[in-house]
Amino acid sequence: MRHEYRPPRRRYRLTRRGRLALFLGMLLVIGTAVTLGPLLRGEEAEAPEKPRMLVIPEGWRAPQVYAAIDRELELPPGSAKAAAATAELALPAEAKGNPEGFLFPASYPVTFRTTAAELLAHMVRTANQKLGTRAVADGAKAHGMTPYQTATLASIIEAEADTRGDMGKVARVVHNRLARSMPLQMDSTINYALNRRTVDTKLSDTRIDHPFNTYRRQGLPPTPIDSPGLQAMAAAVAPTPGDWLYFVTVKPGDTRFSATYEQHKRHVADFNRARTAAAAAAAAAAPPRQAPPG
């Protein structure tokens, strides 16, 4: 076996500073691996959740909003209502903790992480941003109202107007009645008191003893009766000029406004005739009822 000459190996010894640099470099490599590892694995295992949209329409009442939140977040019924009582929502002092009228109608993004309290807080913040403008404050002041009272008026407009084009006129009727100390006599407030939606208001309904019965009580109801949108709010602070004191929707798209009770009675008679004709047409179109086997 041949032996080749090899020079003796020179041993390098790290200085203290060198050992420290090597140690820090190893920590950096390990730390990067620990930090990036779960992120990379997470990207492979789970893609970011795409938010879905919860749509709250104009005119919804708080119970409808609560039910929609419970369904969308897959919560037991009553969860959103319970959250509203404890969420410390940024409501006006006049609301006394009641969010009715301030669950602003809009589209809200939700994910599996969204909670009912967060969603309700977002709705109230949106209402404060949209309704708490200088224009609303100045318009409310011009009519001798607070912004909260204006939101209450807007909720009545939202419930009563058959079309968006009628909102300004409905607002004028309310302002004219308030200016004359006339009761508002709005069926929408009766419906709110009785937790229903109908155009069939009976004489007995108008006699109920309830804070929302605007047939018996003067002025606005104590709270909003639904969630008004921006157009209803705009109508509340800038109503259409006119001397109307009454209105009735004879049929969809045909709301008639009048300044005298005599004229209003004629419109109501047209409403009753139109309803009678519609009921007769529906009965004629219905299939005949089969006699029970005898």
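Remember, predicted model here, so these are calculated numbers, not experimental data.

Cut-off values and rules
Residues numbered from 1 in each chain as written. Predicted model: local features only at pLDDT ≥ 70, side-chain atom pairs only at ≥ 80, totals over all residues. Heavy atoms only, no water. Helix = DSSP H or I, 4+ residues; strand = E, 2+ residues; numbered from the N terminus. Areas by Shrake-Rupley, 256 points an atom, 1.4 Å probe, with all protein chains shown as cover. Pairing = 2+ DSSP bridges. Buried < 20%, exposed > 50% of the residue type's maximum accessible area, 1.4 Å probe, protein only. Lys, Arg positive; Asp, Glu negative; His and termini not counted. Salt bridge = Lys/Arg side-chain N within 4 Å of Asp/Glu carboxyl O. Core = buried A, V, L, I, M, F, W, Y, C linked by side-chain atoms within 4.5 Å. Phe/Tyr/Trp six-rings, centres within 6.5 Å; stacked < 30°, edge-to-face > 60°. 1 Å grid on protein atoms, 1.4 Å probe; cavity = no way out; pocket = protein on both sides within 12 Å on 5 of 7 lines; lining within 4 Å. Points joined across faces, edges and corners; volume = space filled by probe spheres on them. Nonpolar A, V, L, I, M, F, W, Y, C, P; charged D, E, K, R; others polar.

Visitor: Help me out: how do you make sense of the overall build of the protein in this one?
Guide: The helix and strand inventory of the protein stands at 10 helices and 4 strands. Counting every atom, the protein has about 18,900 Å² of accessible surface; 56% of that belongs to carbon and sulfur.

Visitor: Would you take a moment to explain the pairing of strand β3 (residues 246-251) for this structure?
Guide: Bridge count for β3 against strand β4 (residues 254-258) is 5 bridges, and the pairing is antiparallel. Bridge pairing in β4 links phenylalanine 247 to phenylalanine 257.

Visitor: It is not clear to me how the side chain of aspartate 166 should be interpreted in this structure. Could you clarify?
Guide: Relative to the helices and strands, aspartate 166 resides in the loop between α6 (147-160) and α7 (167-179). No salt bridge forms around the buried aspartate 166; measuring N to O, its nearest opposite-charge neighbour lysine 169 is 5.6 Å away.

Visitor: Just checking my understanding: could you explain the nonpolar core for this structure?
Guide: Side chains of a nonpolar character, in soluble globular proteins, are inclined to be buried together. Counting 54 residues, the largest nonpolar core has Leu54, Ile69, Leu103, Leu120, Met123 and Ile157 as the members making the most contacts within it. Take this core: its biggest share by element is 7 residues, from helix α4 (residues 116-131).

Visitor: Mind showing me how you'd approach the packing of aromatic side chains here?
Guide: Each aromatic ring pair is specified by the distance between its two centres and by the angle formed by the two planes. By the definition in use, this model includes 5 aromatic pairs. Each ring, one from phenylalanine 102 and one from tyrosine 148, has its centre 5.8 Å from the other, and the planes form 10°; the classification is stacked. Of the two residues, phenylalanine 102 sits in the loop between α3 (79-86) and β2 (107-110) while tyrosine 148 sits in helix α6, which places them 46 residues apart along the sequence. Ring plane angle 50° and centroid distance 4.9 Å describe the contact between tyrosine 192 and phenylalanine 212, whose orientation is recorded as tilted. Here tyrosine 192 is found in helix α8 (residues 187-193), whereas its partner phenylalanine 212 is found in the loop between α8 and α9 (230-237), with 20 residues between them in sequence. We classify tyrosine 192 as buried; its relative accessible area is 19%.

Visitor: Hey, could you run me through unusual backbone geometry in this one?
Guide: Trans is the common state for peptide bonds, and a negative phi is the common state for residues other than glycine. The phi angle at glutamine 185 is positive, at roughly 55°, despite the residue not being glycine. Mapped onto the elements, glutamine 185 comes out in the loop between α7 and α8. For glutamine 185, a relative accessible area of 35% corresponds to the partly exposed category. The phi angle at asparagine 195 is positive, at roughly 55°, despite the residue not being glycine. By the element assignment, asparagine 195 lies in the loop between α8 and α9.

Visitor: How do you make sense of the layout of surface pockets when you look at a structure like this?
Guide: Take a probe with the size of a water molecule and roll it over the atoms, and the empty space left behind shows itself. As a volume, the largest pocket reaches approximately 1,300 Å³. If you trace the largest pocket, you find 40 residues lining it, with Glu160, Asp187, Val199, Phe247 and Val248 closest to the centre. Among the secondary structure elements, those contributing two or more residues to the lining of the largest pocket are α6, α7, α8, β3 and α10 (261-285). In this structure, the second largest pocket spans a volume of roughly 200 Å³. Forming the walls of the second largest pocket are Arg61, Ala62, Pro63, Tyr66, Lys81, Asn98, Pro99, Glu100, Tyr192 and Asn195. The element best represented in the lining of the second largest pocket is helix α2 (residues 62-72), accounting for 3 residues. Grouping the amino acids of the lining of the second largest pocket by side-chain chemistry returns 5 nonpolar, 2 polar and 3 charged.

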